[in-house]
Amino acid sequence: MPSRIAAWGVYDVFEVGGPAKPEQIFLAVVSDTQWQLFCKAFGFADLKDDPRYASNNLRVSNRDTMMPVLRERLARVPLAEVTRIFEENGLPFAPITRPEQLFEDPHLLETGGLAEMEIPIGARAGERARAPLLPMSFDGRRLGVRHDPPYAGEHTRGLLAELGYAPTQIEAMLASDTVLDQSDRRRSAKEA
């Protein structure tokens, strides 16, 4: 991929928390006002007063000297502290999480970003589990789950009928094991 000049001085992923508990977080400081807030909140008066970093354009031009300093200083700060400071100052940030951490994510929980659905395959088939929804809303409403994922062969008869096969043709395909029919599987799993 070709390298390009960043549009903002600070718009990157940082490792924080120290060597004992390193965690990643995306941080953005994209305006001169945000730079002032950021430096004040973290006690970086020397960086705030440094003429090389006085404007966003200068911070972009001097990323090669600024970013290593920021990375070194922020690396020692616990993730919770960085998050608190950015939240209190209205600065953009996003913790980098592992997929399994999404189930406890406060934003997903608060916005209804998780939905229950039935697991169709594997050792947990028939059980209910939570899964993240698409991060989109239409008319202020988040898209929910219309149907649980199907079991293999669950809708075979209906799909073949929609494709124009006659009932006798469908029965012949099912009898010859040309297609799989497990339309009763979900019903029997619920009854068990």
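Overview of the structure. Remember, it's a predicted structure, so these values are computed and weren't measured experimentally. (Residues numbered from 1 in each chain as written. Predicted model: local features only at pLDDT ≥ 70, side-chain atom pairs only at ≥ 80, totals over all residues. Heavy atoms only, no water.)

Thoughts on the environment of Asp46
Of note, Asp46 is situated in helix 2 (residues 45–49). Within polar-contact distance, the side chain of Asp46 engages the side chain of Arg73 at 2.6 Å. (Helix = DSSP H or I, 4+ residues; strand = E, 2+ residues; numbered from the N terminus. Polar contact = N/O pair within 3.5 Å; in protein donor to acceptor, adjacent residues only side chain to side chain.)

Things to note about the pattern of salt bridges
Counted under the stated rule, the structure contains 16 salt bridges. Across the salt bridge formed by Glu72 and Arg76, the nearest N and O atoms sit 3.9 Å from each other. Judged by its relative accessible area of 53%, Glu72 falls in the exposed class. With its nearest N and O atoms 2.9 Å apart, the salt bridge here joins Arg124 to Glu127. Overall, Arg124 belongs to the partly exposed group, its relative accessible area being 43%. (Salt bridge = Lys/Arg side-chain N within 4 Å of Asp/Glu carboxyl O. Buried < 20%, exposed > 50% of the residue type's maximum accessible area, 1.4 Å probe, protein only.)

Focus on the sheet that holds strand 2 (residues 23–29)
Reading across the sheet, the three strands line up as 1-2-3 and stay open at both edges, with antiparallel pairing between neighbours. Of all the strands in the sheet, the pair left with one neighbour each is strand 1 (10–16) and strand 3 (93–95). Pairwise comparison of adjacent strand axes, ignoring direction, gives a mean angle of 15° for this sheet. Across the face of the sheet, helix 5 (residues 79–88) comes into contact with strand 1, strand 2 and strand 3 while running at roughly 20° to strand 2. (Pairing = 2+ DSSP bridges. Axes fitted to C-alpha atoms, helices over the stretch in contact; angles between N-to-C directions. Contact = heavy atoms within 4.5 Å.)

Things to note about the packing of aromatic side chains
Within the structure shown, the criterion is met by ten aromatic pairs. Between Trp8 and Tyr11, the aromatic rings sit 4.8 Å apart at their centres with planes inclined by 40°, giving tilted as the arrangement. In this structure Tyr11 comes out as partly exposed when scored by relative accessible area, which is 42%. A ring pair is formed by Phe38 and Phe44, whose centres lie 5.7 Å apart and whose planes are at 75°; its orientation type is edge-to-face. (Phe/Tyr/Trp six-rings, centres within 6.5 Å; stacked < 30°, edge-to-face > 60°.)

Some remarks on helix 8 (residues 167–175)
Those residues of helix 8 not exposed but buried are Ile170, Met173 and Leu174. Along the axis of helix 8, the buried residues cluster in a sector spanning 100°; they form a single face. Residues Thr168 and Ala175 are exposed on helix 8 and point more than 90 degrees away from its buried face. Next to the buried residues of helix 8 lie helix 7 (156–162). Immediately beyond the C-terminal end of helix 8, within one or two residues, lies Asp177, with a positive phi of roughly 60°. (Arc of directions from axis to C-beta.)

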